[in-house]
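Coordinate inspection notes
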Amino acid sequence: MSKPVAVMDLGTNTFHLLIAQPHNQNFFTEVLHDYVPVKLGEDGIHQGVIKPEAYKRGLDAMLMFHEHIEQHGVQQVKAIATSAMRSAANGQDFMNEVKARTGILIETIEGDTEAGYIYQGVKASGCMPQDTSLIMDIGGGSVEFILGNQQQIFWKQSFEIGAARLMHRFHQTDPIPQAAIQEMYTYLDSNLSDLFKAVTTYPPRCLIGSSGAFETFAELTERAKKNAFDLKHITTYQFALPDILSITNQIIDSSHEQRQAMPEIIPVRVDMIVVASLLTQYVIDRLNLSDIVMSTYSLKEGVLTELFGNL
């Protein structure tokens, strides 16, 4: 059996480590999946800097990931950093320190490359139909939109409108006021014009939400129906439109305390889930989409397809 490989997705909110082995039938076997809510963009994302507390949380997470990699005899490591690290003035300092202390080389990728990996990950989940679909990946720093089908990408773009950025700009009062929602929608109207142009050329039949907030929406939906639900055992989930609208409305109308009391919402997502819900509703409504799917596979799994291809 070949030695496992490791992929790190070093996002604005969460650092993920996935250690996996190739598997002929099931794409890969998970050896370990660990994640740390580093909140790299906390208090600093709007200033383009990683604040000292966030810097330390990120470094501690990388030191722990390094221990996991050593323990599991990993043969190849790929560490990908996205929006917050790209735009932070001290992002290179962080990467240099990680390299010096662990030997791990962090690669910052542009949003366009990130979108390409997300497409490959979603495609590997098996939920891409023959018809054109719109993939949406809501990160803390950026949101990637990809139009494509099983065979190819038609258009892709990354927008610096991630949940941490939107929350800082619009979600100052809880529950979020109607006036702030309208401001956010006006902001999205002006910032997503490239998306609206692209969908006129490649009209999507389906919206695919990749991991993140969409996993929370799926879990809340199933728990509301008193169904057992374990994300570990699924790769895709089909929403009924009334269900996802109901769950996102519940989140939008909730207070911080109410969301905090929901075990399905992980702590790092308790507040950002509000703007993620609003963005999801906005896209569904603006593009008149009723077929909504969630893929648990995203960037990490997209990078895995590349690594396995190179073994």
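The preceding data block contains the structure.
The following paragraphs examine the structure supplied in this document. Just so you know, these numbers come straight off a predicted model, no measurement behind them.

Considering the packing of aromatic side chains
In this description, a pair of aromatic rings is defined by centroid distance and the angle of the planes. Taken as a whole, this structure holds 14 aromatic pairs when the rule is applied. Judged by centre distance (5.9 Å) and plane angle (80 degrees), the rings of Phe27 and Phe308 are edge-to-face. One end of the pair, Phe27, is in strand β3 (residues 27–36); the other, Phe308, is in helix α12 (residues 299–310), with 281 residues separating them in the sequence. Centre to centre, the rings of Phe154 and Tyr202 are 5.1 Å apart; their planes meet at 10 degrees, and the pair counts as stacked. With Phe154 in strand β8 (residues 153–159) and Tyr202 in the loop between α7 (193–201) and β9 (206–210), this pair connects stretches of sequence that are 48 residues apart. According to the relative accessible area criterion, Tyr202 is partly exposed, its value standing at 30%. Put simply, the rings of Phe27, Phe28, Tyr297 and Phe308 touch in pairs and so form one group of aromatic residues. One residue, Arg286, lies across the ring of Phe196, its end atom 3.9 Å from the ring centre.

Some remarks on the sheet that holds strand β5 (residues 106–108)
With respect to topology, five strands assemble into an open sheet ordered β3-β2-β1-β4-β5, the strand pairing being mixed. The two strands at the open ends of the sheet, each matched to only one other strand, are β3 and β5. Each adjacent strand pair in this sheet contributes to an overall mean axis angle of 25 degrees, direction not counted. Relative to strand β2 (residues 15–23), strand β1 (residues 5–10) is paired through six bridges, and the arrangement is antiparallel. Looking at the pairing, Ala6 lines up with Ile19 of β2. Lying on the sheet, helix α1 (residues 52–71) is in contact with β1, β2, β3, β4 (76–81) and β5; it crosses β2 at an angle near 20 degrees.

Observations concerning helix α6 (residues 178–191)
When the terminal C-alpha atoms of α6 are compared, their 20 Å separation across 14 residues agrees well with the 20 Å that a helix rising 1.5 Å per residue should span. On its buried side, α6 packs onto α5 (163–170), α7, α9 (241–253) and α11 (272–286).

Quick word on the pattern of salt bridges
Within the structure shown, the criterion is met by 19 salt bridges. We note a salt bridge from Glu306 to Lys78, for which the minimum N-O separation is 3.6 Å. Residue Glu306 is found in helix α12, and its partner Lys78 is found in strand β4; the two are separated by 228 residues along the sequence. When its relative accessible area of 31% is taken as the criterion, Glu306 is described as partly exposed. For the salt bridge of Arg101 with Glu97, the shortest nitrogen-to-oxygen distance reads 3.4 Å. Within this pair, Arg101 and its partner Glu97 are both found in helix α3 (residues 91–102), separated by four residues, close to a single helical turn. You can call Glu97 partly exposed: its relative accessible area is 27%. Each member of the salt-bridge network shares a partner with another, and the members are Arg86, Glu114, Glu160 and Arg165.

What counts and how
All residue numbers refer to positions counted from 1 along the written sequence of the respective chain. Reporting in this predicted model follows two pLDDT cut-offs: at least 70 for local features of residues, and 80 or more for side-chain atom pairs to be given and counted; totals over whole chains, interfaces and linings ignore these cut-offs and use all residues. Side-chain numbers come from the whole structure's heavy atoms, not from hydrogens or water. Only centres within 6.5 Å qualify two rings of Phe, Tyr or Trp (six-membered ring in Trp) as a pair; their planes then separate them into stacked at under 30 degrees, edge-to-face at over 60, and tilted for everything else. Helix and strand definitions here come from DSSP, where helices need a minimum of 4 consecutive H or I residues and strands a minimum of 2 consecutive E residues; each element is numbered from the N-terminal end. When a residue's accessible area, from a 1.4 Å probe over protein chains only, is under 20% of the maximum for its type it is buried; when over 50% it is exposed; and in between it is partly exposed. Counting as a charge over the ring demands two things of the Lys NZ or Arg CZ atom: a distance within 6 Å of the ring centre and an angle within 35 degrees of the ring normal. Here the rule is simple: two strands pair whenever DSSP picks up at least two bridges between them. Geometry is summarised by axes, namely lines fitted to C-alpha atoms with helices restricted to the contacting stretch, and by angles between N-to-C directions that run from 0 to 180 degrees. Between two residues, a contact is recorded if the distance between any of their heavy atoms is within 4.5 Å. Helix span, as expected, comes to 1.5 Å for every residue beyond the first. The rule for a salt bridge is simple: a side-chain nitrogen of Lys or Arg has to be within 4 Å of a carboxyl oxygen of Asp or Glu.

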